[in-house]
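The primary structure of each chain is shown beneath.
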Amino acid sequence: MSRKQWLVIIVLGIADCLVLACLAGVIVFAPRLQALRERAVAATNPTPTVTLPPTWTPTPTFTPAPTRTPRPTPTRVPTRTPIVIPTPTPTPTLTPTPVTLVNGDFEDIAFDHVPGWEMTALVNWQPGQEFNPDFSYARPEFLPGDRQIHGSTLQIQTFQWVKFQVTLYQVITLTAGTRARFEIYARGYSNMGGIQVRAGIDPTGNPACQQGAWGDTQVIDQSSGLVLLQSPAAAVGRGGRMTVCFFAEPQFASQFHAAYFDDATLTILSSP
């Protein structure tokens, strides 16, 4: 076939395709066009609207807002009043005060007496008499026992194999009601047994503490060392006189026995 013929065939083919396309479009869009036509007709002839009778709408009742319940007024917590605790005033402590005794350090000792001190002794035996080692007592002798305690020291002794029993005392004038205590240092020596020693005080001022109070009796010897003897504390009576005393007696009648005393002190514990 010639080129011209082929060109005619192609043009006819294209024309057929266009016709078929148009037919297909008519088929597809024809229902839609019919529907649009019916809607247009309906719009020109509207359906009458049914008027319903009016419905009564009740007027709403106004409900008042509830009244708020007032909150309770808070009660203020009362301010706590602090309790004032009184501060006790401490009672001042009295510093113990020593009272100067006459010859409390035992100077210038004589053979038969001690200056400043009175003596009472049990004496029922003299040299040359028969004696009982348990019940015979000779007069005590007083000597300066140098450096036995502090410097000059009172040394009390008697004959060999004979005991002694002695109380030395001193009466002091003090204000009635004053409380005091008597103290004295002691040593002892004995080659058999020991020396019984004690300190006493009499608040009524009687001689030799006859109605007074005595501290514990201690038995001392050369192994005991330095011992502090104390009387009980006592208050001066109405008479304003107080007696301080110290006592010594060997336990047994031995070959040699002696008691040593020094630094006698009366200490004021309280004043009236």
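Residues numbered from 1 in each chain as written. Predicted model: local features only at pLDDT ≥ 70, side-chain atom pairs only at ≥ 80, totals over all residues. Heavy atoms only, no water.

Asks: Describe the packing of aromatic side chains, with residues and values.
Replies: The full count for this structure, using the stated rule, is seven aromatic pairs. Plain terms: the ring middles of phenylalanine 106 and tryptophan 117 are 5.6 Å apart, the flat faces sit at 20 degrees to each other, and that makes the pair stacked. A residue pair is termed long-range when its members are at least 10 positions apart, and phenylalanine 106 in the loop between β1 (97-99) and β2 (118-121) and tryptophan 117 in the loop between β1 and β2 qualify at 11 residues. Among the residues examined, phenylalanine 106 registers a relative accessible area of 0% and is labelled buried. Each member of the aromatic cluster is reached from another via a ring pair, and the members are Phe106, Trp117, Phe246 and Phe261. Its guanidinium or amino end placed over the ring of tryptophan 214, arginine 198 lies 5.1 Å from that ring's centre, counting from NZ or CZ. Arginine 198 extends its terminal NZ or CZ atom over the ring of phenylalanine 247, reaching a point 4.0 Å from the ring centre. (Phe/Tyr/Trp six-rings, centres within 6.5 Å; stacked < 30°, edge-to-face > 60°. Helix = DSSP H or I, 4+ residues; strand = E, 2+ residues; numbered from the N terminus. Buried < 20%, exposed > 50% of the residue type's maximum accessible area, 1.4 Å probe, protein only. Lys NZ or Arg CZ within 6 Å of the ring centre and 35° of its normal.)

Asks: Account for the nonpolar core, naming residues and giving values.
Replies: Judged by nonpolar contacts, the single largest core of 36 residues is most densely connected at Trp117, Leu154, Phe182, Phe246, Phe261 and Leu266. Among the secondary structure elements, those contributing two or more residues to this core are β4 (154-157), β5 (166-173), β6 (179-190), β7 (195-202), β10 (227-230), β12 (241-250) and β13 (257-270). (Core = buried A, V, L, I, M, F, W, Y, C linked by side-chain atoms within 4.5 Å.)

Asks: Run through the pairing of β4, naming residues and quoting values.
Replies: On β4, burial covers both faces: Leu154 and Ile156 on one face and Gln155 and Gln157 on the other are all buried. One ladder, built from four bridges, connects strand β3 (residues 141-144) with β4; its direction is antiparallel. When the sheet's bridge partners are listed, proline 144 is paired in β4 with leucine 154. As judged from the three bridges shared by β4 and β13, these two strands associate in the antiparallel manner. Looking at β13, one finds that isoleucine 156 is bridged to alanine 259. (Pairing = 2+ DSSP bridges.)

Asks: If you had to explain the side chain of aspartate 262 to someone new, which residues and values would you point to?
Replies: Position of aspartate 262 relative to the elements: it lies in strand β13. Reaching out from aspartate 262, the side chain makes a polar contact with the backbone nitrogen of histidine 150 at a distance of 3.2 Å. Aside from chain neighbours lying at most four places away, what touches aspartate 262 is Gly104, Asp105, Phe106, Ile149, His150, Ser152, Thr153, Ile184 and Tyr185. (Polar contact = N/O pair within 3.5 Å; in protein donor to acceptor, adjacent residues only side chain to side chain. Contact = heavy atoms within 4.5 Å.)

Asks: Before we move on, can you summarise the state of the cysteines with the specific residues and values?
Replies: Counting across every chain of the model gives one disulfide. Through a disulfide, cysteine 209 is tied to cysteine 245; the S-S separation comes to 1.9 Å. Sign of the S-S torsion, about 95 degrees for the bond between cysteine 209 and cysteine 245, identifies this disulfide as right-handed. Linking cysteine 209 in the loop between β7 and β8 (213-214) with cysteine 245 in strand β12, this pair joins segments that are 36 residues apart in sequence. Accessibility expressed as a relative area gives 0% for cysteine 245, which makes it buried. (Disulfide = S-S within 2.5 Å.)

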